[in-house]
Every structure is written in C-alpha cells, then in structure tokens.
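What follows is the residue order along each chain.
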Amino acid sequence: MKYRLYVSGTNGYYNLGTYEPDETIFCLDWLLLEQKTKEKVMAIEVNEEDNIEFPAFLYLGNLADYEDFKRYLNNQDEVRITKQFKKRR
C-alpha cells in the first residue's frame, strides 16, 4: 500500500508525492516534528491494484493523532475499516 501526502496552502492542497509506509513516516516526521508545520497535512491511502483511494489521515495540529497513524503504518496486519472510493477511469 502507498500513501499520497498533501499539505494545505493558499490555493488548496499541494501534492508532496506518493510513498511507501516507511518513506511516509520519514516525510511526516520531518514535516510535523522537525519543521513543526502549522498547515493541515493529509495522507491518502492508494491501492493501485483495485484503483481505490481513500483518506487515511488528516493532521490538524494534534500530535496524538499522528502517533496513532504512525502505529497503523508500522503494523500493517491491523484491520482498519474505512470507506473506499473507486476512481473512475
């Protein structure tokens, strides 16, 4: 599973790229913990096999939410129930 990261800006959200779970943690650690960004950060889970994308994480300034998401990324065996949206081709 891959994750696409977005950061809010003046004209909406900016795409930072699509990453593997370990790369996602590295990017979010740098952005949230080192840079201490004040912007909203969103992570979209991307399932390329089934052509499905859905929001997995939204950072609004609460580091406890990020720690929960980080635990989820480190433990891929955990079952997570979310709404899924198929992209139209």
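Throughout this description, residue numbers start from 1 for each chain and increase along the sequence as written. Reporting in this predicted model follows two pLDDT cut-offs: at least 70 for local features of residues, and 80 or more for side-chain atom pairs to be given and counted; totals over whole chains, interfaces and linings ignore these cut-offs and use all residues. Based on all heavy atoms of the structure, the side-chain values leave hydrogens and waters out of the count.

1. Regarding the environment of Glu53
Just so we agree on the cut-off: Strands are runs of DSSP state E lasting at least 2 residues, helices are runs of H or I lasting at least 4, and numbering of each runs from the N terminus. Side-chain atoms alone can form a polar contact between residues adjacent in sequence; in general such a contact is a pair of N or O atoms within 3.5 Å, and within protein one must be able to donate a hydrogen while the other accepts it.
Within the element layout of this structure, Glu53 appears in strand E4 (residues 52-59). Put simply, Glu53 and Lys2 are 51 residues apart on the chain and 9.8 Å apart in space, counted from C-alpha to C-alpha. Within the structure, the side chain of Glu53 is placed 2.9 Å from the side chain of Arg4, a separation counted as a polar contact.

2. Let's talk about the confidence of the model for the protein chain
The cut-off we apply is this: Looking at any residue, its pLDDT shows the predictor's confidence there, from 0 to 100.
Put simply, the protein chain has an average pLDDT of 85, and 84% of its residues get 70 or more. When the elements of the protein chain are averaged for pLDDT, strand E5 (residues 85-86) gives the smallest value, 56, and strand E1 (residues 2-9) the largest, 93.

3. What to know about unusual backbone geometry
How we decide: Under the scheme applied here, a residue whose accessible area is under 20% of the maximum for its type counts as buried, over 50% as exposed, and between as partly exposed, the area being computed with a 1.4 Å probe on protein chains only.
Within the chain, Lys36 stands out as a residue other than glycine whose phi angle is a positive 50 degrees. Checked against the element boundaries, Lys36 lands in the loop between helix H1 (21-34) and strand E3 (41-47). For Lys36, a relative accessible area of 57% puts it in the exposed group. Even without being glycine, Asn51 reaches a positive phi, approximately 55 degrees. You can see Asn51 is positioned in the loop between E3 and E4.

4. Some words on the nonpolar core
Our working rule: Remark: nonpolar core denotes a set of buried residues (Ala, Val, Leu, Ile, Met, Phe, Trp, Tyr, Cys) joined through side-chain atoms within 4.5 Å. By definition, residues are in contact when any of their heavy atoms lie within 4.5 Å.
Counting 17 residues, the largest nonpolar core has Leu28, Val41, Tyr66 and Phe69 as the members making the most contacts within it. When residues of this core are traced back to their parent elements, those giving at least two are E1, H1, E3, E4 and helix H2 (63-74). In contact with Leu28, not counting residues within four places along its chain, are Leu5, Leu33, Val41, Tyr66 and Phe69.

5. What to know about the environment of Glu45
Relative to the helices and strands, Glu45 resides in strand E3. In this structure Glu45 comes out as buried when scored by relative accessible area, which is 4%. Sequence separation of Glu45 and Tyr3 is 42 residues, and the distance between their C-alpha atoms is 4.6 Å. In this structure, Glu45 is in contact with Met1, Lys2, Tyr3, Ile52, Glu53, Phe54, Ala56 and Tyr72, ignoring residues within four places of it in sequence.

6. Regarding the packing of aromatic side chains
The geometry of two aromatic rings is summed up by the distance between their centres and the angle between their planes. Selection criterion: Within 6.5 Å between ring centres, the rings of Phe, Tyr and Trp (the latter by its six-membered ring) count as paired, and their orientation is classed by plane angle as stacked under 30 degrees, edge-to-face over 60, tilted in between.
Taken as a whole and assessed by the stated rule, the structure comprises five aromatic pairs. Here Phe57 and Phe69 contribute two aromatic rings whose centre-to-centre distance is 4.7 Å and whose plane-to-plane angle is 10 degrees, an arrangement assigned as stacked. Taken together, the residues Phe57 in strand E4 and Phe69 in helix H2 connect sequence positions twelve residues apart. Classification of Phe69 by relative accessible area gives buried; the value is 3%. Taken together, Tyr3, Phe57, Tyr59, Tyr66, Phe69 and Tyr72 form an aromatic cluster joined through their ring pairs.

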